[in-house]
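Summary of structural features
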Amino acid sequence: MLIGVLAMQGAFREHRLALEACGATCREIRKPAHLEGLDGLVIPGGESTTIGKLLHDYELFVPIREMGKDGLPIFGTCAGLVMLARDIEGSNQPRLGLMDICVIRNAFGRQVHSFEADLSIPALGEAPFPGVFIRAPYINKAGEGVEVLAVFQDHIVMARQQNLLVTAFHPELTGDQRVHRYFLHTVAGLPA
Amino acid sequence: MAETGTWKVKTGLAEMLKGGVIMDVTTPEQAKIAEEAGACAVMALERVPADIRAAGGVARMADPTVILRIMDAVTIPVMAKARIGHFVEAQILEELGVDYIDESEVLTPADEDYHIDKHQFKVPFVCGARNLGEALRRIGEGAAMIRTKGEPGTGNIVEAVRHMRMVMGEIRRLSSMSKDELMTAAKNMAAPYELVVEVARTGRLPVVNFAAGGVATPADAALMMQLGSDGIFVGSGIFKSRDPVARAKAIVAATTHYNDPKVLAEVSKDLGEAMPGLEIATIAPEQRMQERGW
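Since we're looking at a predicted model, the values are computed, not measured.

Conventions adopted
- Residues numbered from 1 in each chain as written.
- Chains lettered and ligands numbered in written order.
- Predicted model: local features only at pLDDT ≥ 70, side-chain atom pairs only at ≥ 80, totals over all residues.
- Heavy atoms only, no water.
- Pairing = 2+ DSSP bridges.
- Helix = DSSP H or I, 4+ residues; strand = E, 2+ residues; numbered from the N terminus.
- Salt bridge = Lys/Arg side-chain N within 4 Å of Asp/Glu carboxyl O.
- Buried < 20%, exposed > 50% of the residue type's maximum accessible area, 1.4 Å probe, protein only.
- Contact = heavy atoms within 4.5 Å.
- Buried area = accessible area lost by both parts, 1.4 Å probe.
- Polar contact = N/O pair within 3.5 Å; in protein donor to acceptor, adjacent residues only side chain to side chain.
- Nonpolar A, V, L, I, M, F, W, Y, C, P; charged D, E, K, R; others polar.
- Phe/Tyr/Trp six-rings, centres within 6.5 Å; stacked < 30°, edge-to-face > 60°.
- Lys NZ or Arg CZ within 6 Å of the ring centre and 35° of its normal.

**Quick word on the sheet that holds strand 7 (residues 115–119) of chain A**
Within a sheet, neighbouring strands are paired by backbone hydrogen bonds and run either parallel or antiparallel to one another. With antiparallel pairing, the three strands of this open sheet are ordered in space as 8(A)-7(A)-1(B). A single partner strand is all that each edge strand has here, and the edge strands are strand 8 (129–133) of chain A together with strand 1 (3–4) of chain B. Looking at chain direction, strand 7 of chain A and strand 1 of chain B are connected through two bridges and run antiparallel. Opposite Phe-115 of chain A, over in strand 1 of chain B, you have Thr-4 of chain B as the bridge partner.

As structure tokens, then:
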């Protein structure tokens, strides 16, 4: 299984390491030609305004949006969640807009309010998942086709809509690969 | 329960900035230009290093009004500089809500013996280093991100190259040492033993390492990335050049595509004049900012 990791800017190295630990082969995506033959795509954390602009500049925006519409499994963390959202409160920044959710950027505050907290994620089993939230967004509205997978302080922080998976937190920074496995096997349907 | 100011969220923000460019800005307008060009963060200052160097005298933390106006202007993270050892400037910056503090040799040091105890803060710190020992001393004090010192405000990449090569070379040497050699290595580089052991085991710094101090062109940025930088700080290089918008965009592109000469050739075209450069040998040793701090 070949998973692309968007490498404009952000924590793409950590996602690659987590995916490789799950047995996936990874390719860093910087140009349209890199998109060929992917079984899935990860949009990492970083700055969503930066990533959005660079996707346009390097002509990746339209192909990724079309591949997502055609069912390519895509996993977005933090900035990746913002990129996948249809609505971003108070912002007209570029976004792929594939997922029927409305998000608030930096919803928990600036960096001094960044935090760690254990999350209950029934889809991943009973053990709590270590949530690392860094200038994190949350989802304040989700459409009917969206499955809510985790909630923290009444805010949606993990969700799925068919081929699309998003987290407001950073599983790639934790060494716990359950979210990556969930993406590869449950969302993307790839054999273990 | 939610725990703020942890080591993981401090180092984690730096991870999110990787592969990106952090630009010095002095006004909200410049901050917007930087964000629009694709900067992943900005450094809020009253004067860029080239102007600090030209003005002389004592350089201090920026006026909070300047910093707050820049924080209002953009949604990307905003960093600000405190003087080496000036923990009260750092307390003020934390209170303002900046996202990262640069305990920086660009400003005039407030303490010649002691750096700030950075573990006492919830806001993360970045510090400059010329070699691995200096980097690990700063990390030991709580720095969650490291950058080369280079020689700020010169537009001359030679010192940043020297510092990055030094750090990467020392890491490679540590990686090949046997366990019984590591305590002596720690002693010789005056670095915390536990961090020396960790670097020897992992073959990398425990935090993100950016290049800073002399980046003026897209080629400079790509050079530092190919030497092993995780990302780029550009101080005077953008807003002291003839066409800041074009240069900012080009440096962002060169940092993402640092291994692609075709892209580098394309983005290096028609940028207008770079900032005026300074030969390091013409700067008296006591005027060199990299000598500040230890």
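**A short note on the pattern of salt bridges**
Counted under the stated rule, the structure contains 32 salt bridges over all chains. Note that Arg-178 of chain A and Asp-176 of chain A form a salt bridge whose closest N and O atoms lie 3.0 Å from each other. For Asp-176 of chain A, a relative accessible area of 17% translates into the label buried. Between Glu-134 of chain B and Lys-149 of chain B there is a salt bridge, with its nearest N and O atoms 2.7 Å apart. Taken together, the residues Glu-134 of chain B in helix 6 (residues 132–140) and Lys-149 of chain B in the loop between strand 7 (145–148) and helix 7 (158–175) connect sequence positions 15 residues apart. The burial state of Glu-134 of chain B is the same as that of Lys-149 of chain B; both residues are buried.

**Let's talk about the side chain of Asp-176 of chain A**
On the secondary structure map, Asp-176 of chain A appears in the loop between strand 12 (164–167) and helix 5 (178–187). Aside from chain neighbours lying at most four places away, what touches Asp-176 of chain A is Phe-129, Pro-130 and Pro-171 of chain A.

**Some details on the interface of chain A and chain B**
Taken together, the 36 residues of chain A in the interface contact 42 residues of chain B. Counting the surface lost from both chain A and chain B, the interface buries some 3,000 Å², and carbon and sulfur atoms represent 56% of this. Counting the surface chain A buries against chain B, the share from its top three residues, Arg-110, Gln-111 and Val-112 of chain A, is 21%. Put simply, chain A and chain B have five salt bridges between them. One salt bridge connects Lys-31 of chain A with Asp-260 of chain B, and the closest N-O pair in it is separated by 2.6 Å. For the pair chain A and chain B, the interface holds 17 residue pairs in polar contact (both at pLDDT 80 or more). Counting residues per element, the side of chain A that touches chain B draws most heavily on helix 2 (residues 48–57) of chain A, at four residues. In terms of residue class, the side of chain A that touches chain B is made up of 13 nonpolar, twelve polar and eleven charged.

**Thoughts on the packing of aromatic side chains**
In the structure shown here, the tally under the stated rule is eleven aromatic pairs over all chains. Summarising the aromatic geometry, the rings of Phe-115 of chain A and Phe-133 of chain A are spaced 4.6 Å apart at their centres and angled 10° between planes, so their arrangement reads as stacked. Remark: Phe-133 of chain A occurs in strand 8 and Phe-115 of chain A occurs in strand 7; sequence separation between them is 18 residues. Residue classification places Phe-133 of chain A among the buried positions, given a relative accessible area of 1%. Measuring from ring centre to ring centre gives 5.6 Å for Phe-210 of chain B and Phe-233 of chain B, while their planes differ by 65°; the resulting arrangement is edge-to-face. In this pair, Phe-210 of chain B sits in strand 8 (residues 208–210) while Phe-233 of chain B sits in strand 9 (residues 232–234), placing the two residues 23 residues apart along the sequence. Within the aromatic cluster, the residues linked to one another by ring pairs are Phe-108, Phe-115, Phe-129, Phe-133, Tyr-138, Phe-152 and Phe-169 of chain A. In this structure, Arg-138 of chain B is placed above the aromatic ring of Trp-294 of chain B, and the distance from its NZ or CZ to the ring centre is 4.7 Å.

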